Amino acid sequence: MRSPWIPLAGSVLLLLASTGCHSEPPEPPPDLGAREPAGLFEVRYHHWDDLRQHTFSETGEDFDPDVSLDRRWLVFASTRDTVEPDVFIKEVDSRTAIRLTTHPGADRFPAVSPDGSMVAFSSDRNGNWDIYIVSTRGPGTLIEVTHGPGDEIAPCWSPDNTRLCYSARDRWGVWTIWVYNRQTQTLVNLGPGLFASWSPSTDPGQEWIAFQKAQQVGDNWYASWIVRPDGTDPTQILSRPEWAAIHPAWSPDGRRIAFASVHKSRFSQIFGRLWKADDIWTIGADGTDLTNLTDHPSSDWSPTWAADGRIYFTSEREGGRTIWSLRPKAMDFSMPAQPMGPSGGMR
């Protein structure tokens, strides 16, 4: 697999740890930061407790985590057995993983249904990327959700199990977000965006979908947005001209959103890294209280927030990609905000 790479949002596509949802991109410039031993640096922020490693594959890599609502199951994509990734499932605190998919094609971006019975994922097994569903009980009959020549990736579930949200690429190469109702078999187009995350509330008046969207100015870094499932009330909650916010994930109470930053960390600045994620951050759903969680020389990305408050994510802190989790510390956001730097970010 290639290293996580990040073209600017105005180019082809941002897909961290991608196995390719598009034509083969040019090789990114060398990652100078990868040459520096992690032990030379001291982690500066500790806005978390109880850091844990959850996968330990000696061959291949593990990435794209998601956790069931009851925190029993961890699903992820992995190349531990094959060149192209398959979807695996394991009990969160176990080392034994069950392989849910066995096709020679690439299977990515698994998402557990709220009732814990199904896993939706993306696969290129038919020549393009489509959305499929498989049972969490083990390999079996697949349900093909999307069809046709286009690409559809990164599914997420509505809290009531009835709808799926995913990103689809149109014939002009633009990625848009769609909501598919499995009961009525109807589709709603939410507009341009990638990597949607559905808020946990089952109250129709409190439902939101978070996603990343390319800015239309500057270097076209990705910004964080939220929108109603019917496409109304699109709201930008985070945008910076110097760095990107990618892979949003809602907290269990729907008050905060976790995401990974790109080209924000001191290591990215020191070594000029443009092609890798940096760290895990959180922000209030109203766009306030930006908080840094991790500050490691290696990349952390693809956060997912479990019901017990832990954030699971992909990390390269042990060399290869594996799944980790941490518990954010309780923060008193009633305190005065930190001074802002000249570029608008926290100092």
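As a reminder, the structure under discussion sits directly above these lines.
The structure contained in this document is the topic of the report that follows. (Residues numbered from 1 in each chain as written. Predicted model: local features only at pLDDT ≥ 70, side-chain atom pairs only at ≥ 80, totals over all residues. Heavy atoms only, no water.)

On to the side chain of Ser78. Tracing the chain through its elements places Ser78 in strand 3 (residues 73-78). Looking at Ser78, the relative accessible area reads 0%, which means it is buried. A polar contact of 3.0 Å, which involves the side chain of Ser78, links it to the backbone nitrogen of Arg80. In this structure Ser78 touches Glu61, Asp62, Phe63, Glu84, Pro85, Asp86 and Phe88, once residues within four positions along its chain are discounted. (Helix = DSSP H or I, 4+ residues; strand = E, 2+ residues; numbered from the N terminus. Buried < 20%, exposed > 50% of the residue type's maximum accessible area, 1.4 Å probe, protein only. Polar contact = N/O pair within 3.5 Å; in protein donor to acceptor, adjacent residues only side chain to side chain. Contact = heavy atoms within 4.5 Å.)

The next point concerns the sheet that holds strand 21 (residues 291-292). Spatial ordering of the open sheet is given by 18-19-20-21, a layout of four strands whose pairing is antiparallel. A single partner strand is all that each edge strand has here, and the edge strands are strand 18 (244-250) and strand 21. In terms of strand pairing, strand 19 (residues 256-262) meets strand 20 (residues 277-284) through six bridges, oriented antiparallel. What sits directly across from Arg256, in strand 20, is Gly284. (Pairing = 2+ DSSP bridges.)

The next thing to look at is the pattern of salt bridges. In the structure shown here, the tally under the stated rule is 18 salt bridges. With a closest N to O distance of 2.7 Å, Asp50 and Arg52 form a salt bridge. A residue is classified by how much of its surface remains accessible, and Asp50, at 36% relative accessible area, is partly exposed. In this structure Arg52 comes out as partly exposed when scored by relative accessible area, which is 30%. Glu91 is the salt-bridge partner of Arg72, the closest N and O atoms lying 3.6 Å from each other. Note that Arg72 is positioned in the loop between strand 2 (62-67) and strand 3 and Glu91 in strand 4 (residues 86-91), a separation of 19 residues in sequence. By relative accessible area, Arg72 is classed as partly exposed at 44%. Judged by its relative accessible area of 38%, Glu91 is partly exposed. Put simply, Glu61, Lys276, Glu316 and Arg321 are held in one network by salt bridges that share partners. (Salt bridge = Lys/Arg side-chain N within 4 Å of Asp/Glu carboxyl O.)

On inspection of all chains with the given rule, the structure shows five aromatic pairs. Taking the centre distance of 6.3 Å and the plane angle of 10° together, the rings of Trp243 and Phe259 count as stacked. Of this pair, Trp243 sits in the loop between strand 17 (235-238) and strand 18 while Phe259 sits in strand 19, and the two are 16 residues apart along the sequence. Owing to a relative accessible area of 5%, Trp243 belongs among the buried residues under this scheme. Residue class for Phe259 comes out buried when judged on its relative accessible area of 0%. Within the aromatic cluster, the residues linked to one another by ring pairs are Trp243, Phe259 and Trp281. Between Arg125 and the ring centre of Tyr132, over which it is positioned, the NZ or CZ distance is 5.3 Å. Directly above the aromatic system of Trp225 lies the positively charged group of Lys213, at a separation of 4.4 Å from the ring centroid. (Phe/Tyr/Trp six-rings, centres within 6.5 Å; stacked < 30°, edge-to-face > 60°. Lys NZ or Arg CZ within 6 Å of the ring centre and 35° of its normal.)

Keep in mind these numbers describe shape, not what the thing actually does.
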